[in-house]
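Structure at a glance
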Amino acid sequence: MKKFGMFIGGKWTHSDKTFMSMNPATEEPVGEFQLGSGKHAKAAIEAASSAFGKWSGTPAPKRGSLLLRVAGILRERKEELARLETMEMGKILPEARADVQEAIDVFEYMAGEGRRLFGHTTPSELKDKLCMTLRRPIGVVSVITPWNFPIAIPAWKMSAALVCGNTIVFKPSSDTPLCGVRLVEILNDAGIPKGVVNMVTGSGGALGKELVANRGVGCVSFTGSRDTGSWILQNAGIKRVGLELGGKNVIIVMDDADLKLAVDGIIWGAFGTTGQRCTAASRVIVHRKLRRKLVAAVVAGAKKLRTGSGLDPKTDMGPLINRQAIEKVQKYVDVGKKEGASLLCGGRPMQGKGYFYSPTIFMAEAGMKIAQDEIFGPVLSVMDGRRDREGERRGLRAQLVHIHERRVKRHEGRRAPPGRHHLCELEHHRLRGPSALRRGQGHGQRHARGRHSWHRRILGNEDALRRLFREAPESAVRLIYKFCTQSYPMKCEACGAELTEGNSTLDDKYCDSCFTRHARSMFF
């Protein structure tokens, strides 16, 4: 079995202990990796600190040209990397190719940012004085990434940090360390100087405190669970922290939807990547007019999905990442049954080798645990729009989807793609748009030109949104507004009345009497 090292200061190093990465489809080892400790993380931070001065002093266009070289190597090795990702993570090969393509695209895009790191000039109130601002790098960035997009997510984070002149300590997930190794090799082959990119492998418990709390780290960028994100905020100290955490995402199917397109979107949203995405559509709210037909069609579609190795071109859905994921999904399925949700299909692991679980669909109520918690598996909750209160926890992604063309024309005044129109798209737009993170989902942005922010952003055609909010019925206004705004306080912002469960909207911002007027006014 081949052993892989950690990359510190431009050298591959080893530790006293190792761990195995497993192929989730076959339960066979992919490779042996170093179980790093706090001393390895500290050494990587010191190496990154030593390299910072020279790298930050490198002209930004030159840094961009190196990132463009990274994109070229990724393109040359796309098929090899996609097959590796499928073998180590489990997703089907077309999805893995898309993952690598995202890495190519973002490195190409960030390469161009090397010539667009603009500052600002400001009129001075003093005579003969010039007031201007320049962009300066933060320093050492700890990049901690998950296993579900093991090449794309590190690329999103590292490309932006590098083009801005920061140095990196990268910790990939212990479920997909080989993908991390290959990405670091490519960065090294492209000519990124020694010490600029460092990689440590091992458990978060052993490495996390040093990567997060060390004073030599100026920024922490993390994608993962809410609990870990909360721990990072509590332990990071005074530094920048960017968190991309979980969500419980929704697809809302209106009464005039194109049924076939709606079903296709739901099947992909729920069972693509075996449901192992923070933007997976794990719940559906459907208008009562379409409920029976849509549920029957979605169940039939789920039963047709072929589960197996992602390397098999006939496979529609790969395995879960590990044995613990199987146990977690089964626990939630059992909870759903106890809560009284109707199991329509699936609900059990597949027989044989590999961490396979059958596509599972429940007819549920909004207050049930399976409709509130992020399960991170192939489990979908369908809810009746009449009874649903949309859920207290919102997702990273919310869509009012599949509006029929005649309604799109009425609201937009021009031709839209037949059958499907995404009015509010809050999934992270890979290259151009900011993250729209709310409540426990995280905060900050990974983009080179973005500012760390905590306020709401809406992506898409805002003119169309304004027209929609003027004309849409109250029910549609509520559906969209609740998934596009931020939270809090416990008094109505419009009239100051105390908010209670009986008189407040679900974002805890306005009382019922003020809600519709205020929601409409926001968008025009």
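Criteria and thresholds
By convention here, each chain's residues receive numbers from 1 onward along its written sequence. For this predicted model, a pLDDT threshold of at least 70 governs which residues receive local features, and a threshold of 80 or more governs which side-chain atom pairs are given and counted, while totals over whole chains, interfaces and linings are taken from all residues. Think of the side-chain values as coming from all heavy atoms in the structure, minus any hydrogens and water. Only buried residues count toward a nonpolar core, which is a set of Ala, Val, Leu, Ile, Met, Phe, Trp, Tyr and Cys residues joined through side-chain atoms within 4.5 Å. Working definition: with a 1.4 Å probe on protein chains only, accessible area under 20% of the residue-type maximum means buried, over 50% means exposed, and in between means partly exposed. The contact criterion used throughout is that any non-hydrogen atoms of two residues lie within 4.5 Å. Runs of H or I in DSSP of at least four residues are treated as helices and runs of E of at least two as strands, each being numbered from the N terminus. Multiplying 1.5 Å by the residue count of a helix minus one yields the expected span of that helix. Here a strand pair is declared whenever DSSP counts at least two bridges between the two strands. Lines fitted to C-alpha atoms define the axes, with helix axes restricted to the stretch in contact, and inter-axis angles between N-to-C directions lie between 0 and 180 degrees. Salt bridge, as used here, is a side-chain nitrogen of Lys or Arg placed within 4 Å of a carboxyl oxygen of Asp or Glu.

1. Considerations on the nonpolar core
Among the nonpolar cores identified, the biggest contains 54 residues, and Leu74 and Phe107 are the most heavily contacted of them. In contact with leucine 74, not counting residues within four places along its chain, are Leu81, Val100, Ala103, Ile104, Phe107, Leu183 and Ile186. Among the nonpolar cores identified, the runner-up in size contains 25 residues, and Ile267, Val284, Leu290 and Ile361 belong to it.

2. Considerations on helix H3 (residues 78-89)
Across its twelve residues, H3 extends 16 Å between first and last C-alpha, which sits within 8% of the 16 Å expected from 1.5 Å per residue. Turning to H3, its buried residues number three or more, namely Leu81, Ala82, Leu84, Glu85, Thr86, Glu88 and Met89. Buried residues along H3 sit in contact with strand E4 (18-23), strand E5 (28-34), helix H2 (60-76), helix H4 (93-113) and helix H6 (177-189). One or two residues past the end of H3 sits glycine 90, with phi positive at roughly 110°.

3. Some words on the sheet that holds strand E1 (residues 3-4)
Hydrogen bonding along the main chain pairs the strands of a sheet, whether they run parallel or antiparallel. Taken in spatial order, the three strands of this open sheet run E1-E5-E4, and their pairing is mixed. Single-partner strands in this sheet number two, and they are E1 and E4. Across six bridges, E4 lies against E5 in antiparallel orientation. When the bridges of E5 are listed, serine 21 appears paired with glycine 31. Relative to E5, H6 is tilted by about 60°, and along the sheet it contacts E1, E4 and E5.

4. Re the pattern of salt bridges
Pairing between side chains of opposite charge can happen when the charged atoms of each approach one another. Summed over the entire model, instances satisfying the criterion amount to eleven salt bridges. Across the pair lysine 91 and glutamate 85 runs a salt bridge whose closest N-O atoms are separated by 3.4 Å. Summarising the burial analysis for this pair, lysine 91 and glutamate 85 share the class buried. As a salt-bridge pair, arginine 182 and glutamate 185 come within 3.0 Å of each other at their nearest N and O atoms. Residue arginine 182 and its partner glutamate 185 are both found in helix H6; the two are separated by three residues, about one turn of the helix. Overall, the relative accessible area of 21% leaves glutamate 185 in the partly exposed class.

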